[in-house]
Amino acid sequence: MRFFQTIKNIWTIEELRKRLLVTLLLVATYRLGCYVVLPGIAPGAIDALQNFTNRTGMMQLLDMFSGGAFSQASIFALGIMPYITASIVIQLLGMVLPSFQKMQREGESGRQKLNQYTRYLTVLILLLQAPAYLINLQYQAHIQFSFMTVIYLTIILAAGSMFIMWLGERITDRGIGNGISFIILVGIIARLPGALSYEFLSRLPGTSGTEGGLVMFIVEVVLLFAVTVGAVLLVQGTRKVPVQYAKRIVGNRQYGGARQYIPLKVNAAGVMPIIFAQAIMFIPITLAGFGSSEGGSGFFAAMSDINGFWYNFIFFVMIVAFTYFYTAITVRPTQMAEDMKRNNGFIPGVKPGKKTAEYLDTIMSRITLPGSLFLGVVAILPAFARFFGISQNFAQFFGGTSLLIMVGVVLDTLQHIESHLMMHHYDGLMKEGKIKGRTTGNAY
């Protein structure tokens, strides 16, 4: 069979085999750490925290991004989101501060400096989030921590998140795909079997909330498949712009003269906008001390209700805005126009240079609008799923952040594997065509 032949080809390539084994080893290390409980936490406290997490939408979302470590009171409880938040802040500073813009243009040396600043900022964010998490743990589990214990556990939580960041960097360097994105993917997938089984059992006759029974469960799975197909189309959708290259005669040979295409992606920003928006939406609940805001009112209560109108409205608007923002960073029509002009290329009917840049910018603006709106709609689909009676655990996978991240990261990882296969003259993963996936930006 073709599938087993592809697996054999993957295992035959030594470099690819080593990268896959390293990735699996580092992922196993991460999953093991998710079950290492903080010192001094009794089993009863963990049960109380899990009960609170399961009945609160925002806490379930935090638990999903941490791979279940949040509800386990694990040393990895804060997950990778503090690093993502720090990355967002550094990228925003690169838009407004000349010194950061200069570092962005310095190439590898500038990138290393920005990465170092990101790590420093991550530590500062952890020093805020770790005490907030411990306050929530005290509030829910009815336990008391001394001042020195809070300091001690804060250091452990911060070290745990920094270790996850280190694992992600090692996966990027020695494994397959983007390590930070892959860790987020693993955390999300780890919650999927439990959510699916819970939804199935809740639809069995004789249990509460069995409206529709197993027929309703089948309908939910079919709709989930349809949404997943739509997300794949969003990630892979492109607008092909024809480019004609002038003929050149060098000696006795002719170069150029062929028509090629520039694939402008409908969603050039990938899953970055939704991760950016989600990280910012976590800030109010962090400032309020995680669970302490759940019983409150006003702004913090609205931002804690992931099924509420204002939370989803603000989330939708932020995703649209971040899609335009990140697309403007990653897709540069002026640079593309200059490269075409330098290589004697032109778009039929459009003058080279400034007119070409304006033409490409217009196309990007037109295709980014529907792409950003569809991305926002998919992101808030879990709220609609909850409205129709789907359980909170399963609704998180019914569109939303989890689905888009899974689709984007899986396609990106498969694209890396396929590139190794094609480089060694093996067939790709698909029988026909190639996995287009994301070609710009990272997934975090």
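Residues numbered from 1 in each chain as written. Predicted model: local features only at pLDDT ≥ 70, side-chain atom pairs only at ≥ 80, totals over all residues. Heavy atoms only, no water.

> An account of the overall build of the chain is needed here, citing residue identities and associated values.
Counting its regular elements, the chain contains 18 helices and five strands. Per-residue burial over the chain gives 49% buried out of 444 residues. When contacts within the chain are restricted to residue pairs at least 6 apart in sequence, long-range pairs at least 24 apart make up 71% of them. Of the roughly 21900 Å² of accessible surface on the chain, a fraction of 65% belongs to carbon and sulfur atoms. (Helix = DSSP H or I, 4+ residues; strand = E, 2+ residues; numbered from the N terminus. Buried < 20%, exposed > 50% of the residue type's maximum accessible area, 1.4 Å probe, protein only. Contact = heavy atoms within 4.5 Å. Areas by Shrake-Rupley, 256 points an atom, 1.4 Å probe, with all protein chains shown as cover.)

> Please give an account of the sheet that holds strand 1 (residues 238-245) that cites residues and values.
Taken in spatial order, the three strands make up an open sheet running 4-1-5, and their pairing is antiparallel. A single partner strand is all that each edge strand has here, and the edge strands are strand 4 (259-265) and strand 5 (345-346). Summarising the sheet, strand 1 and strand 5 pair through two bridges and their orientation is antiparallel. When the sheet's bridge partners are listed, Gln-244 is paired in strand 5 with Phe-346. (Pairing = 2+ DSSP bridges.)

> Explain the environment of Thr-118 residue by residue, including any values.
When you line up the elements, Thr-118 lands in helix 7 (residues 108-141). Through-space distance from the C-alpha of Thr-118 to that of Ser-87 is 5.9 Å; in sequence the pair is 31 residues apart. With sequence-adjacent residues up to four places away left out, Thr-118 is seen in contact with Tyr-83, Ala-86, Ser-87 and Ile-90. In terms of polar contacts, Thr-118 uses its side chain to reach the backbone carbonyl oxygen of Leu-114, at 2.7 Å. (Polar contact = N/O pair within 3.5 Å; in protein donor to acceptor, adjacent residues only side chain to side chain.)

> Break down helix 15 (residues 354-379) for me, with residues and values.
When the terminal C-alpha atoms of helix 15 are compared, their 36 Å separation across 26 residues agrees well with the 38 Å that a helix rising 1.5 Å per residue should span. The sharpest bend along helix 15 comes to roughly 25 degrees, located at Thr-368, with the proline Pro-370 sitting one to four residues further on. (Expected span 1.5 Å × (residues − 1). Bend = angle between axes of the 7 residues up to and from the residue.)

> Can you tell me about the pattern of salt bridges, naming the residues and giving the values?
In this structure the tally under the stated criterion is five salt bridges. Residues Glu-15 and Arg-19 are paired through a salt bridge, measuring 3.5 Å at the closest nitrogen-oxygen approach. Of this pair, Glu-15 and Arg-19 are both found in helix 2 (residues 14-33), four residues apart, which corresponds to roughly one turn of the helix. For Arg-19, a relative accessible area of 21% translates into the label partly exposed. (Salt bridge = Lys/Arg side-chain N within 4 Å of Asp/Glu carboxyl O.)

> Quick one: what's the story with a nonpolar patch on the surface, residue by residue and with numbers?
On the surface, a cluster of nonpolar side chains totalling about 460 Å² of accessible area is made up of Phe-147, Met-148, Ile-151 and Ile-155. Here Ile-151 shows up in helix 8 (residues 147-174). Looking at Ile-151, the relative accessible area reads 34%, which means it is partly exposed. (Patch = residues over 30% accessible without salt bridge, like charges linked within 9 Å, V, L, I, M, F, W, Y side chains within 5 Å.)

> I'd love a proper account of the pairing of strand 1, names of residues and values included.
Here strand 1 pairs with strand 4 via seven bridges, running antiparallel. Residue Arg-239 lies in a different strand from strand 4, and its bridge partner there is Leu-264.

> Can you lay out the packing of helix 14 (residues 333-342) against helix 15 for me, pointing to particular residues and giving the numbers?
Remark: helix 14 packs on helix 15, axes separated minimally by 8 Å, with the N-to-C direction vectors making an angle of 135 degrees. One element, helix 14, and the other, helix 15, form an angle in the oblique class. For the crossing formed where helix 14 meets helix 15, the hand is right-handed. Contacts between helix 14 and helix 15 involve Pro-333, Thr-334, Met-336, Ala-337 and Met-340 from the first element and Thr-356, Ala-357, Leu-360 and Asp-361 from the second. Among the residues forming the contact of helix 14 with helix 15, the class breakdown is six nonpolar, two polar and one charged. (Axes fitted to C-alpha atoms, helices over the stretch in contact; angles between N-to-C directions. Parallel < 35°, antiparallel > 145°, perpendicular 65-115°, else oblique. Left-handed = near helix turned anticlockwise from the far one by under 90°. Nonpolar A, V, L, I, M, F, W, Y, C, P; charged D, E, K, R; others polar.)

> Please give an account of the environment of Tyr-245 that cites residues and values.
Mapped onto the elements, Tyr-245 comes out in strand 1. Residues Tyr-245 and Gly-345, spaced 100 residues apart in sequence, show a C-alpha to C-alpha distance of 4.2 Å.

> Outline the packing of aromatic side chains, supporting the account with residue identities and numerical values.
The geometry of an aromatic ring pair is captured by the separation of the ring centres together with the interplanar angle, meaning the angle of the planes. Inspection of every chain in the model, using the stated rule, returns eleven aromatic pairs. Taking 6.1 Å as the distance between ring centres and 15 degrees as the angle between the ring planes, the aromatic pair formed by Tyr-30 and Phe-76 counts as stacked. Of this pair, Tyr-30 sits in helix 2 while Phe-76 sits in the loop between helix 4 (57-65) and helix 5 (81-96); the two residues are 46 residues apart in sequence, bridging distant segments of the chain. Of the two residues, Tyr-30 and Phe-76, neither departs from the other in class, the shared state being buried. (Phe/Tyr/Trp six-rings, centres within 6.5 Å; stacked < 30°, edge-to-face > 60°.)

> Report on the packing of helix 2 against helix 8, specifying residues and quantitative values.
At a minimum axis separation of 9 Å, helix 2 and helix 8 run at an interaxial angle of 170 degrees. Considered as vectors, helix 2 and helix 8 are oriented roughly antiparallel to each other. Taken together, the residues of helix 8 that come into contact with helix 2 (itself represented by Arg-19, Val-22, Thr-23, Leu-26, Val-27, Thr-29 and Tyr-30) are Phe-163, Ile-164, Leu-167, Arg-170, Ile-171, Thr-172, Asp-173 and Arg-174. Of the residues in the contact of helix 2 with helix 8, the class split is eight nonpolar, three polar and four charged.

> Residues and numbers for unusual backbone geometry, please.
Phi angles above zero are rare outside glycine, and Ala-73 is one such case at about 50 degrees. Looking at the secondary structure, you find Ala-73 in the loop between helix 4 and helix 5.

> Report on the confidence of the model for the chain, specifying residues and quantitative values.
Counting all residues, the mean pLDDT for the chain is 79, and 84% of those residues have values of 70 or more. Note that pLDDT drops below 50 for residues 292-296; the model gives that stretch twelve contacts with residues more than four away or on any other chain. (pLDDT = per-residue confidence, 0-100.)

> Now, about the environment of Val-150: what can you tell me, with residues and values included?
Mapped onto the secondary structure, Val-150 falls in helix 8. On the basis of relative accessible area, Val-150 is assigned to the partly exposed category, the value being 22%. As for Val-150 and Leu-134, which are separated by 16 residues in sequence, their C-alpha atoms are 7.2 Å apart. Excluding its chain neighbours within four sequence positions, the residues that come into contact with Val-150 are Leu-134 and Phe-145.

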